[in-house]
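Descriptive structure summary
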Amino acid sequence: MRIIDAEEQVLADLKEEGRVVAERPYLGFTVITVRHPTLGKLVLVQGPDGSGAMVEADE
């Protein structure tokens, strides 16, 4: 697994390019799981300002 810092636009693009499997808001951040056509399984963690992190999960 890899954790990569991501800006708001990168997270938005990943959500748009892939299929959102689940999205769950928590206090202070949102967790989004995405199945991306080229990157595979992703977990996106987005903060209140829109930026956050992308986690590439192994198959």
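In what follows, the accompanying structure is described. (Residues numbered from 1 in each chain as written. Predicted model: local features only at pLDDT ≥ 70, side-chain atom pairs only at ≥ 80, totals over all residues. Heavy atoms only, no water.)

Counted by the stated rule, this structure contains two salt bridges. In this structure, the salt-bridge partner of glutamate 56 is arginine 2, at a minimum N-O distance of 2.7 Å. One end of the pair, glutamate 56, is in strand S5 (residues 52–56); the other, arginine 2, is in strand S1 (residues 2–6), and 54 residues separate them in sequence. Of the charged contacts, one joins lysine 15 and glutamate 23 as a salt bridge, the two residues approaching to 3.7 Å between their closest N and O atoms. (Salt bridge = Lys/Arg side-chain N within 4 Å of Asp/Glu carboxyl O. Helix = DSSP H or I, 4+ residues; strand = E, 2+ residues; numbered from the N terminus.)

Moving on: the side chain of glutamine 46. Checked against the element boundaries, glutamine 46 lands in strand S4 (residues 40–46). Taking relative accessible area as the criterion, glutamine 46 reaches 17% and is therefore assigned buried. Within the structure, the side chain of glutamine 46 is placed 2.9 Å from the backbone oxygen of glycine 50, a separation counted as a polar contact. What glutamine 46 contacts, discounting residues up to four positions off in sequence, is Glu8, Leu11, Phe29, Thr30, Ile32, Ser51 and Gly52. (Buried < 20%, exposed > 50% of the residue type's maximum accessible area, 1.4 Å probe, protein only. Polar contact = N/O pair within 3.5 Å; in protein donor to acceptor, adjacent residues only side chain to side chain. Contact = heavy atoms within 4.5 Å.)

Before going further, it helps to examine the nonpolar core. Ala6, Leu11, Leu14, Ile32, Val34, Leu42, Leu44 and Met54 form the largest nonpolar core, which has eight residues in total. At the level of elements, helix H1 (8–17), strand S3 (29–36) and S4 are the ones that each hand at least two residues to this core. Once residues lying within four places of it in the same chain are set aside, the contact partners of valine 34 are Leu14, Lys15, Gly18, Arg19, Val20, Val21, Gly40, Lys41, Leu42 and Leu44. (Core = buried A, V, L, I, M, F, W, Y, C linked by side-chain atoms within 4.5 Å.)

Turning our eyes to something else, we now look at the environment of glutamate 23. Mapping glutamate 23 onto the fold places it in strand S2 (residues 19–26). Separated by eleven residues in sequence, glutamate 23 and valine 34 place their C-alpha atoms 8.9 Å apart. Not counting chain neighbours up to four residues away, the residues in contact with glutamate 23 comprise Lys15, Thr30, Val31 and Ile32.

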